[in-house]
Amino acid sequence: MNFKTLSEHQLLLIHTDTPQARGKVEIQWGLRYALPFPYKLDIRNNILNVMTGEVVADEEAPDEVLRYANALRMKRGKRRAE
């Protein structure tokens, strides 16, 4: 299976339904979003948990996720929208 061609929704389904493929999904997720699965930055640079659909406040984000999010924000040249 070519994980590069799968949609975000397909990656979420595979991660949920196929435990043996989770590692490959998590690698592909990191390549796409530069954050650990299941997080990504939304268009306002807020941390989004894609599994729950909820924005995660910086204060509530796991340390690793916050480190990656801040690095990605700096790379984008933007800070989180207030």
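The coordinates are above.
Model, not experiment: these values are computed from the prediction.

Participant: Is there a simple way to explain the overall build of the protein chain in this structure?
Facilitator: A tally of helices and strands in the protein chain yields three helices and three strands. In the protein chain, the succession of α and β elements from N to C terminus is α-α-β-β-β-α. The C-alpha atoms of the protein chain give a radius of gyration of 13 Å, which matches the 12 Å a tight globule of 82 residues would have. When the backbone C-alpha atoms are referred to their principal axes, the protein chain occupies close to 40 × 20 × 20 Å.

Participant: Help me understand the pattern of salt bridges in this model?
Facilitator: Two side chains with opposite charge may pair up if their charged atoms get near one another. One pass over the full model with this rule turns up two salt bridges. One salt bridge in this structure joins Lys-40 and Glu-8, with 2.7 Å as the shortest N-O distance. With Lys-40 in strand E1 (residues 39–41) and Glu-8 in helix H1 (residues 8–17), this pair connects stretches of sequence that are 32 residues apart. Residue classification places Lys-40 among the buried positions, given a relative accessible area of 18%. Across the pair Arg-73 and Asp-58 runs a salt bridge whose closest N-O atoms are separated by 3.0 Å.

Cut-offs and rules
- Residues numbered from 1 in each chain as written.
- Predicted model: local features only at pLDDT ≥ 70, side-chain atom pairs only at ≥ 80, totals over all residues.
- Heavy atoms only, no water.
- Helix = DSSP H or I, 4+ residues; strand = E, 2+ residues; numbered from the N terminus.
- Rg over C-alpha atoms; globule rule 2.2 N^0.38 Å.
- Salt bridge = Lys/Arg side-chain N within 4 Å of Asp/Glu carboxyl O.
- Buried < 20%, exposed > 50% of the residue type's maximum accessible area, 1.4 Å probe, protein only.

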